[in-house]
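Structural features, examined
Each chain is listed here by its residues.
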Amino acid sequence: MAATRRLSHTVAVIILNHPPVNALSSSVRQSLLKEFGEASKDPLVEAIVLTGANGKFSAGADIREFSTSAATASLEFINATIEGSTKPVVAAIEGVALGGGLELALSCHYRVANTQAFVGLPEVLIGILPAAGGTQRLPRLIGVPAALDMIVRGRHVPAGEAFQLGIVDEVVNSDIVDAAIQFARKVVGQSLDARRLSTKPIQPITNLGTLLDTAVEKATRQFRGAQAPLACIEAVKASVYLPFHKGIEKEQELIKSLWATGQPQALQYAFFSERNVGKWTTPSGGRWDRVPPRSFQTAGVIGLGTMGRGIVISLLKANIPVIAIEQDAKQLDLGRNAVDSLLKREFEKLKQQGKTASELGSVQFTLDFGELKHVDLIIEAVYENMKLKKEIFKKLSFIAKPDAFLCTNTSGLNIDEIASVTDRPQQVIGTHFFSPANIMRLLEVVRGCHTSLTTIATAMNLGKTLGKVAVLVGNCPLFVGNRMLGPYLEQASYLVEEGCNPEDVDQALETFGFAMGPFRMMDLAGLDVGWRSRMEKGLTGPRVPPEAPARQRNGNRYSPLADMLCELGRFGQKSGKGWYRYEKPSGRNAKPDPWMREFLEKYRRDHQIVHHPVNPQEIQERCVYALINEGFRVLEEGIASGPEDIDVIYNNGYGFPKYRGGPMYYAYTTGLSKVLGALESYYKANSDVPSMKPTFLLKKIVAVGEPSIKEWKTQLGNLNNKL
Ligand code: 3HC
Ligand code: NAI
């Protein structure tokens, strides 16, 4: 785990070797500096090639070391040393050169990349900024606009585009080290002055002020509350107005202030959580990640509505051929047209990357279920109706080959009940995609009581193949994500009953950092979906007469507002009216509706509710603490394996601000006793809202002294684990 060196005639090759991604840990930096010093001094060496082992250049600084204070040379010191070398240094980039990895490559005088390589400065995604000269060297190399775009978005740039931008000098399809050695030999003896980015003058641009202002405005709007994008802009600005060494000082100053916000810690927790959710143990010690997934070559998708069409595209993008089924010719045509138009966009994206349509799988549209008989994995995405799903799974038992996996995209129905009608409950599993399925990264994989470890491993591998983050959860009504949403939305409705307008609640939660407030979200999803399901369960019931004192169902508080809107045909965006109104031509912009104010005032009068305004902090606390409490209940019941799983679900499927780490991490950083205290006092005053009753697990963790979030799992020990 270090850097090694070999000699190829007059070229020294220094290889970073720290599996799996050659992160630039303190020991790697130390040994890189040593090898570089020796190569520089060696009179036989005319040029130096810097590369990485394991098919990767480097993924940058070792994120795990951020919490420790290493006494080794800083990466910028090494970069300055390399850049100052009088012998030409060529970076041979294979796989990835990210973050500190690219910063290291930028300090080399030349860069050669393999066609499959990616480069980027993704520090912003883990809450920091490139802090080894990246914000100062990249704008000098490719200009401010392109550098801003890369640094603020943390975009991974493919080698072809990196060549066009001028980041790499040559792209090769052959052995990267051989190519870099040849390149190095060619440039020996040439002046390096123009190759040192720290002394390169920045390309002047006329509209710099406007460009920076627009970038700040866009980042504030798009990354709502995230500090790192703004710090990145500030650092790039410094590259224009300050000399290089002052720009480096600015980088350091900015990164220090970012650490003080707590956002880097939360985002790095989120980064590792996404990787940890793949490592999981059943109570009986069974581990699906130790069981090989079954390979699958072909897939079937049943139902080409909102979800099915996105699922088809996801599979095609992973080059998996699909058989797509609908119930009648009209729906099949609709589905085909929708898939075709989404595919057109994918073709365009491929073209821009210099790739061809052969990178996509092929799709066959049919009404004949018999076509599924040779398919390896089938995903059902028909209406959310148990009777219909059971009919389909019964049919699949006869049609699908015996080893085919049967997946359902249900958003909350009982997986065991669906599996019970099949001849292979061990091969039935929930694969809960999020809308739009071709874009959203989350996949909730729902395990039934008979689902085998191989089936779980295969479904988790499906997620990976589709480029998604898959989280395994247990089987309970609405699973994890949608279940937790219940108490959160309930609080949002109560707040509106009590005196807020929908836009007040949305505004408070969007300020907290949610991508969308609850009412805009409900309008987008369609209010009718939940209404129909509540009607099926007999929950909507007769309207409570005005003179009835409590707005209750079965003794508990119940807000009928959403049902009342649906009874008036206000289903949300799809009907042009819901909690908001939507005007043509786009029909997508939520506008506060004066009608809603009158409607709510009448409702409050009818139910003798004393109007009391609620401040944004209370709105945030009531909604978010309700979400957190349900998260603890989910953990208590063993429906999620740990807080990280819940956080990954919320960060990737529900627009929770990732820079807060996820609801459970947010609870941890807020202080669990504060959350518990707030829940206790709310529940004391509102005993008809059982979702706000503090959970046993929350109380237990507070009682044992609020250990770190990593230790919560030990408190879960002997609770009722269903996974
Ligand atoms: N530091 C420490 N560990 C890292 C790491 C890093 N920079 N990058 C990846 N890892 C670890 C992962 O945690 C994982 O560990 P595990 O096997 O124990 O779970 C392992 O490497 C493999 O990672 P992935 O599972 O993510 O592998 P993929 O092949 O899917 O992705 C990758 C590879 C694209 C490199 C992805 O890991 C990635 O995006 N890494 C982070 C890159 C990044 O943010 N770099 C900037 C670091 S900060 C920096 O450089 C500061 C500088 O400006 C001074
Ligand atoms: P949808 O109503 O848009 O599409 C359902 C499709 O299934 C329709 O095209 C219909 O023609 C087809 N269909 C019905 N019966 C069929 C049959 N017998 N054979 C073949 N096709 C049939 O529904 P949507 O929204 O796509 O939902 C599908 C599933 O995904 C549901 O279980 C839903 O709960 C779940 N889901 C929905 C999400 C959403 O945001 N819409 C999010 C996540 C899951």
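Conventions and cut-offs
- Residues numbered from 1 in each chain as written.
- Chains lettered and ligands numbered in written order.
- Predicted model: local features only at pLDDT ≥ 70, side-chain atom pairs only at ≥ 80, totals over all residues.
- Heavy atoms only, no water.
- Near = heavy atom within 4 Å.
- Polar contact = N/O pair within 3.5 Å; in protein donor to acceptor, adjacent residues only side chain to side chain.
- Areas by Shrake-Rupley, 256 points an atom, 1.4 Å probe, with all protein chains shown as cover.
- Helix = DSSP H or I, 4+ residues; strand = E, 2+ residues; numbered from the N terminus.
- Phe/Tyr/Trp six-rings, centres within 6.5 Å; stacked < 30°, edge-to-face > 60°.
- Buried < 20%, exposed > 50% of the residue type's maximum accessible area, 1.4 Å probe, protein only.
- 1 Å grid on protein atoms, 1.4 Å probe; cavity = no way out; pocket = protein on both sides within 12 Å on 5 of 7 lines; lining within 4 Å.
- Points joined across faces, edges and corners; volume = space filled by probe spheres on them.
- Nonpolar A, V, L, I, M, F, W, Y, C, P; charged D, E, K, R; others polar.
- Domains from an automatic or database assignment.
- Pairing = 2+ DSSP bridges.
- Axes fitted to C-alpha atoms, helices over the stretch in contact; angles between N-to-C directions.
- Expected span 1.5 Å × (residues − 1).
- Contact = heavy atoms within 4.5 Å.

Remarks on the site of ligand 2
Taken together, 23 residues form the shell around ligand 2, and within it M307, E326, E384, K389 and S411 come nearest. With respect to ligand 2, the side chain of Q331 contributes an N or O atom lying 3.1 Å from an oxygen atom. Note that an oxygen atom of ligand 2 is positioned 3.3 Å from one of the backbone N or O atoms of V382. In the complex, 80% of the free accessible area of ligand 2, which totals 830 Å², lies under the protein chains. For the shell around ligand 2, the secondary-structure elements that each account for two or more residues are α12 (306-317), α14 (386-399) and β15 (428-433). In terms of residues, the shell around ligand 2 owes the most to one element, α14, which gives three residues.

Here's the deal with the packing of aromatic side chains
The tally for this structure, following the rule as stated, stands at 17 aromatic pairs. Judged by centre distance (5.3 Å) and plane angle (40 degrees), the rings of Y488 and F514 are tilted. One end of the pair, Y488, is in helix α17 (residues 481-498); the other, F514, is in the loop between α18 (502-512) and α19 (518-525), and 26 residues separate them in sequence. The class for F514 is buried, based on a relative accessible area of 2%. With a centroid separation of 4.8 Å and 15 degrees between ring planes, the pair formed by W595 and F599 is classed as stacked. Here the residue W595 and the residue F599 both occupy positions in helix α22 (residues 594-606), the gap between them amounting to four residues, near one helical turn.

Focus on the layout of surface pockets
Here the second largest pocket is characterised by a volume of approximately 680 Å³. For the second largest pocket, the lining is made up of 24 residues, of which Q268, Y269, F272, E644 and K710 are closest to its centre. Residue assignment for the lining of the second largest pocket shows that the elements contributing at least two residues are α11 (263-276), α24 (643-653) and α25 (663-670). Take the lining of the second largest pocket: its biggest share by element is six residues, from α11. Residue composition of the lining of the second largest pocket, grouped by class: 11 nonpolar, seven polar and six charged. Structurally, the lining of the second largest pocket is a two-domain feature, drawing no fewer than three residues from each of domain 1 (2-261) and domain 4 (616-722).

Here's the deal with the sheet that holds strand β6 (residues 110-114)
Across the sheet, six strands lie side by side as β1-β2-β3-β4-β6-β9; this open sheet has mixed pairing. Strands with a single pairing partner mark the edges of an open sheet, and in this sheet they are β1 (2-8) and β9 (170-172). Averaged over all pairs of adjacent strands, the angle between their axes in this sheet comes to 20 degrees, without regard to strand direction. Judged from the three bridges that link them, strand β3 (residues 47-52) and strand β4 (residues 89-93) form a sheet pairing that is parallel.

What to know about helix α7 (residues 176-187)
Look at α7: 17 Å from first C-alpha to last across 12 residues, which is about the 16 Å you get at 1.5 Å a residue. Among the residues making up α7, those that are buried are I176, V177, A179, A180, I181, F183, A184 and V187. Looking at the buried positions of α7, the neighbouring elements they touch are β1, β2 (11-17), β3, β4, β6 and β9. Of the residues flanking the end of α7, it is G189, one or two places downstream, whose phi is positive at about 95 degrees.

Points about empty space enclosed by the protein
Within this structure, the stated rule accounts for one cavity of 30 Å³ or more. The computed volume of the largest cavity comes to approximately 30 Å³. L377, F405, C407, I429, T455, T458 and A459 together form the lining of the largest cavity. Taken together, the elements giving at least two residues each to the lining of the largest cavity come down to β14 (405-408) and α16 (453-465). Per-element accounting of the lining of the largest cavity gives the leading share, three residues, to α16.

Describing the domain arrangement of the protein
The domain architecture assigned to the protein consists of domain 1 (2-261), domain 2 (292-473), domain 3 (499-606) and domain 4 (616-722). Of note, the centres of domain 2 and domain 3, computed from C-alpha atoms alone, are 32 Å apart.

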